[in-house]
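# Coordinate inspection notes
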Amino acid sequence: MGESRTGVREISIEEFDEMIENHDDLLILDVREVAEFRRGHIPGALQISREILERATDDANRSWLDGLLEARQKSLVLCSQDGSCSAASADKLQEMGFEKIYSLAGGINRWEAQGFALVRE
């Protein structure tokens, strides 16, 4: 599809759906706030807000960071409400050594508009 200003590749809903079906090493990170996540998120997604990622190197977040760093070899798909908030998170993840980072073009809005299910809590 394209690359964001960070160099992270944007993928379409169709490409993302194919990745879900065919990649065992896929990690879906939803960078929205907890309340937004609870209103509806992609099945299997982990909620990690942009603020947490931006503070990821603080000692207070060390145990969380260690767990995330163990997943460096996985493919990461970042999603936000409309796909526009993934850039800062992608930058931070690239600084942390992640290489296979993708951003879901159109985000949760497009996912739902194309008829894909959301998990609601």
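See above for the structure.
Residues numbered from 1 in each chain as written. Predicted model: local features only at pLDDT ≥ 70, side-chain atom pairs only at ≥ 80, totals over all residues. Heavy atoms only, no water.

### Points about the pairing of strand β6 (residues 101–104)
Of the two faces of β6, the one lined by Ile101 and Ser103 and the one lined by Tyr102 and Leu104 are each fully buried. As paired strands, strand β2 (residues 9–11) and β6 are joined by three bridges and run parallel to one another. Among the inter-strand pairings, Glu10 is bridged to a residue of β6, identified as Ser103. Looking at chain direction, strand β5 (residues 75–79) and β6 are connected through three bridges and run parallel. Within β6, the position partnered with Leu78 by the bridge is Ser103. (Buried < 20%, exposed > 50% of the residue type's maximum accessible area, 1.4 Å probe, protein only. Helix = DSSP H or I, 4+ residues; strand = E, 2+ residues; numbered from the N terminus. Pairing = 2+ DSSP bridges.)

### Remarks on the pattern of salt bridges
As enumerated under the stated definition, the model contains five salt bridges in all. Between Arg9 and Glu15 there is a salt bridge; the shortest N-O distance is 2.5 Å. Exposure remark for Arg9: the relative accessible area of 33% places this residue in the partly exposed category. Among the salt bridges present, the one from Glu121 reaches Arg38, with a minimum N-O distance of 4.0 Å. Residue Glu121 is found in the segment after α6 (107–113), and its partner Arg38 is found in helix α2 (residues 34–39); the two are separated by 83 residues along the sequence. By relative accessible area, Glu121 is classed as exposed at 63%. (Salt bridge = Lys/Arg side-chain N within 4 Å of Asp/Glu carboxyl O.)

### Here's the deal with the nonpolar core
Ranked by internal contacts, the top residues of the largest apolar core, which has 16 residues, are Phe16, Ile28, Ile42, Val77 and Leu104. Breaking this core down by element, the ones donating at least two residues are α1 (13–22), β3 (26–30), β5, β6 and α6. Looking at this core element by element, the count peaks at three residues for α1. In terms of nonpolar packing, the next biggest core, distinct from the first, is built from 14 residues, Leu27, Leu29, Ile48 and Ala90 among them. (Core = buried A, V, L, I, M, F, W, Y, C linked by side-chain atoms within 4.5 Å.)

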